[in-house]
Amino acid sequence: MSAKFSFTALAAVCAMAGCKDDGIRVYRVSKPEATPPAAMPAMPAVSAIPEEGNTQISDKPPTGWKAQPRTAMRQASFLVNGSGGGEADVSLIRLGGPAGGVLENVNRWLGQLGRAAISEDELTRISEMRKVPLGEARIVDLEGLAEGADSQKDGRILAAMVPTSEGTYFFKMRGNADLVSAQKSDFLDWIGSVRMGGAEQGALAP
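Residues numbered from 1 in each chain as written. Predicted model: local features only at pLDDT ≥ 70, side-chain atom pairs only at ≥ 80, totals over all residues. Heavy atoms only, no water.

**Regarding the confidence of the model for the protein chain**
As a note on interpretation, predicted positions should not be read in detail where pLDDT is low.
Okay, step 1: Mean pLDDT for the protein chain: 78, with 68% of residues reaching 70 or above.
Okay, step 2: Below pLDDT 50 for its whole length, residues 50–54 participates in 11 contacts with residues either more than four positions away or in separate chains.
Okay, step 3: Segment residues 198–206 is flagged for pLDDT under 50; beyond a separation of four residues in sequence, or across chains, it makes 30 contacts in the model. (pLDDT = per-residue confidence, 0-100. Contact = heavy atoms within 4.5 Å.)

**Concerning the nonpolar core**
Okay, step 1: One finds F171, M173, F187 and W190 to be the most contacted residues of the largest nonpolar core, which totals 25 residues.
Okay, step 2: Looking at this core, the elements that each hand over two or more residues are β4 (74–81), β5 (87–95), β7 (135–143), β8 (155–164), β9 (167–176), α4 (177–182) and α5 (184–193).
Okay, step 3: Considering each element in turn, this core owes the most residues, four residues, to α5.
Okay, step 4: With residues up to four places along the chain from it excluded, the contact list for M173 reads W65, V80, A88, D89, V90, R156, I157, L158, V180, Q183 and F187. (Core = buried A, V, L, I, M, F, W, Y, C linked by side-chain atoms within 4.5 Å. Buried < 20%, exposed > 50% of the residue type's maximum accessible area, 1.4 Å probe, protein only. Helix = DSSP H or I, 4+ residues; strand = E, 2+ residues; numbered from the N terminus.)

**Here we look at the sheet that holds β9**
Okay, step 1: Overall, antiparallel pairing links the seven strands, which are arranged β3-β4-β5-β9-β8-β7-β6 in an open sheet. Across the chains shown, the open sheet's two edge strands, defined by having one partner strand only, are β3 (66–67) and β6 (128–132).
Okay, step 2: Strand contacts of helix α2 (residues 102–112): β7, β8 and β9, with the helix running at about 165° to β8, the strand carrying the most contacts. (Pairing = 2+ DSSP bridges. Axes fitted to C-alpha atoms, helices over the stretch in contact; angles between N-to-C directions.)

**Focus on the environment of N105**
Okay, step 1: On the secondary structure map, N105 appears in helix α2.
Okay, step 2: Put simply, N105 and M161 are 56 residues apart on the chain and 9.4 Å apart in space, counted from C-alpha to C-alpha.
Okay, step 3: Separated by 2.7 Å, the side chains of N105 and R108 make a polar contact. (Polar contact = N/O pair within 3.5 Å; in protein donor to acceptor, adjacent residues only side chain to side chain.)

**Considerations on the pattern of salt bridges**
Okay, step 1: Per the stated rule, a full pass over the model turns up five salt bridges.
Okay, step 2: One salt bridge in this structure joins R74 and D89, with 2.8 Å as the shortest N-O distance. Placement of the pair is R74 in strand β4 and D89 in strand β5, with a sequence separation of 15 residues.
Okay, step 3: In this structure, E122 engages R125 in a salt bridge whose closest nitrogen and oxygen atoms are separated by 2.6 Å. One end of the pair, E122, and the other, R125, are both in helix α3 (residues 120–126), three residues apart, so they sit about a helical turn from each other.
Okay, step 4: Here R125 falls in the exposed class, since its relative accessible area comes to 61%.
Okay, step 5: The network of salt bridges with common partners includes D141, R156 and K184. (Salt bridge = Lys/Arg side-chain N within 4 Å of Asp/Glu carboxyl O.)

Now the structure itself:
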């Protein structure tokens, strides 16, 4: 059978069977190349503390402070042990806005120590201001022991509050009164080491 006859016959069969172009097209799709994982950023010389909003702050905790697991609230957390068995808990928390104000927070801490609330005038008398990289810190040193509290783990609160455009930073050390007193200088040095994104050293921010 000639090629011309075969083509003619095939055309006739298609015509009788209602053959038509069904519009199907076949495409070859190449497999996308896997995106290589992003390179890990170099770690700063100081410890990096993740914050809300993917911002980072850096700090230089004193030798002997034991880093504790961070939580949704705490940007930094440490445990300090004294030679006589005393303990102190250290934290750094950032809250939005004024977070209740300085006086309200100080009176809350005084209540935790079994102490009565104070006035704004009394707060001014017992607190001090210090310039730190995060801003102006108001620092208070409060002492007292609530009924039934463990004097090995409580009795004194050393705290600093730093208002910023991102919110208010709360630095707090609470624990055995003698241990907190002995750690006061280290605590203030730590506050002075905390800065946004590992910025260069600045003057000496519940």
